[in-house]
Amino acid sequence: MSTAEEAMDVTPTLDVNLPVYEYVRDAQLQHGLKYDDHRQYRSYCSRRIHRIRRSLNVHQGIAPSAKARHQRGRKLMAITNVMVLEAGQKVQEYAERMLVIPLFLAERAWSYSMQLKQEITECPRKRFHLVRRLEKADQHANRFEKLCHDPESPCTERTKKEATAYAAYMRGLYKMEREDWAGAKEAFYNCLVLYTALSLSVTKESVLEQYRLRIDELKASLRYCTFTLGEKPKEYKLKLPTTLQFHDIAFRHAKQVQEQESKSAQATPASPKKATETVTVTGDDDEDDEFEETQEAMADEESGQDGETEESDDDDDNNKQQQQSRGGVTGLVKGWLGGAWS
């Protein structure tokens, strides 16, 4: 076989890199969730799924088990990795669109549950519908995770980790609504570990801020689960392991940062400490003595003036009393009125 034929037989490798959290968060902020409008976001998810299915020619089929006309119904055509690879051979973007279908199915079910949660005050029985929608969102998220982790999947390692984190988040929400606090705590903790690791490789500041918000939300949910279980509260300060447990870009990035910091610390020499000099200040004893003498003289003068003023005040009081005693009753009245009566 010639080299030209070998080159034609070699198919290019397909690497699907789908930033799940960034993709979903942008869609949420642009279509209603910025104003907490889950109904608008749910309708957007439905339209988005319909457009993708129509563009990729992946329609819903008729159930083969339906015999009679009135028993016929629609069933969801499951997305497989074979379909993803076939779509990716045409255009790589088609493979990403194929993966978006189960992702937005989970988002649509989640947004419907959040809409019902807002309306639960009017009708308390909507909580049962809310739980069913969250269960459906958990199922779609698990399908999306399995699709990404399949051995034939063209997804990158980062996409696989993001799919796992997304599925863990949906599982935690469902377990919390079912009041399974232990299961919710475990799911939220796994999600927190993954999002903390993934946030290390983010360079865009706006995206990093979204990761921080999600991490803070997960920490709050973990504290609530811990409180409900009656356990001691604790702060979840996660540290990445020194060894790479997963072949993930986030852990590689963390190791590279640690190596760079250690090299820079070794390269910069330690700054020598400056010797402290003690300076003694000596003053003249004669000047100190003169200053003390002047202060004593000023104090004596002030005390003398105070004594004179006190003596003059006492003399005035005695004179007034003598005048009042000489004047009898009229003198006393004049003294009380302060000279106003004449």
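The chain carries the name Signal recognition particle subunit SRP68 in an unreviewed UniProt entry, which gives Aceria tosichella as its organism.

### Quick look at the environment of arginine 108
Along the chain, arginine 108 falls in helix H5 (residues 92-118). Expressed as a C-alpha distance, the spacing of arginine 108 and serine 43, which sit 65 residues apart in the sequence, is 7.9 Å. Not counting the four nearest positions on each side in its chain, arginine 108 is found in contact with Arg42, Cys45, Ser46 and Ile49. Within polar-contact distance, the side chain of arginine 108 engages the side chain of serine 46 at 3.4 Å.

### Side note on the side chain of arginine 214
Mapped onto the elements of the fold, arginine 214 is located in helix H9 (residues 205-229). Excluding its chain neighbours within four sequence positions, the residues that come into contact with arginine 214 are Tyr21, Tyr169 and Tyr195.

### Points about unusual backbone geometry
A positive phi is found at asparagine 57, a non-glycine position, where the angle reads about 60 degrees. Judged by relative accessible area, which is 58%, asparagine 57 ranks as exposed. The phi dihedral of glutamate 179 falls on the positive side, at around 65 degrees, and the residue is not glycine. On the basis of relative accessible area, glutamate 179 is assigned to the exposed category, the value being 52%.

### Some thoughts on the packing of helix H3 (residues 38-56) against H5
Running from N to C, H3 and H5 point in directions that differ by 155 degrees, and their axes come no closer than 8 Å. Taken together, the axis directions place H3 and H5 in an arrangement best described as roughly antiparallel. Seen along the crossing, H3 lies across H5 with a hand that is left-handed. Broken down by class, the residue content of the contact of H3 with H5 amounts to 15 nonpolar, six polar and seven charged.

### A look at the packing of aromatic side chains
This structure, assessed with the given rule, holds eight aromatic pairs. Centroid distance tyrosine 23 to phenylalanine 104: 6.0 Å. Interplanar angle 85 degrees. Geometry classified as edge-to-face. A residue pair is termed long-range when its members are at least 10 positions apart, and tyrosine 23 in helix H2 (residues 20-30) and phenylalanine 104 in helix H5 qualify at 81 residues. Under the relative-accessibility criterion, phenylalanine 104 is labelled buried at 0%. Through a chain of ring-to-ring contacts, the aromatic side chains of Tyr23, Tyr41, Tyr44 and Phe104 assemble into a single cluster. A cation over an aromatic ring shows up here: arginine 42 above the ring of tyrosine 112, its NZ or CZ 4.1 Å from the ring centre.

### Some words on helix H6 (residues 126-149)
Over its 24 residues, H6 runs 35 Å from end to end, which matches the ideal 34 Å to within 8%, given 1.5 Å per residue. Three or more residues of H6 are buried, namely Leu130, Val131, Leu134, Ala137, Asp138, His140, Ala141, Phe144, Glu145, Leu147 and Cys148.

About the thresholds
- Residues numbered from 1 in each chain as written.
- Predicted model: local features only at pLDDT ≥ 70, side-chain atom pairs only at ≥ 80, totals over all residues.
- Heavy atoms only, no water.
- Helix = DSSP H or I, 4+ residues; strand = E, 2+ residues; numbered from the N terminus.
- Contact = heavy atoms within 4.5 Å.
- Polar contact = N/O pair within 3.5 Å; in protein donor to acceptor, adjacent residues only side chain to side chain.
- Buried < 20%, exposed > 50% of the residue type's maximum accessible area, 1.4 Å probe, protein only.
- Axes fitted to C-alpha atoms, helices over the stretch in contact; angles between N-to-C directions.
- Parallel < 35°, antiparallel > 145°, perpendicular 65-115°, else oblique.
- Left-handed = near helix turned anticlockwise from the far one by under 90°.
- Nonpolar A, V, L, I, M, F, W, Y, C, P; charged D, E, K, R; others polar.
- Phe/Tyr/Trp six-rings, centres within 6.5 Å; stacked < 30°, edge-to-face > 60°.
- Lys NZ or Arg CZ within 6 Å of the ring centre and 35° of its normal.
- Expected span 1.5 Å × (residues − 1).

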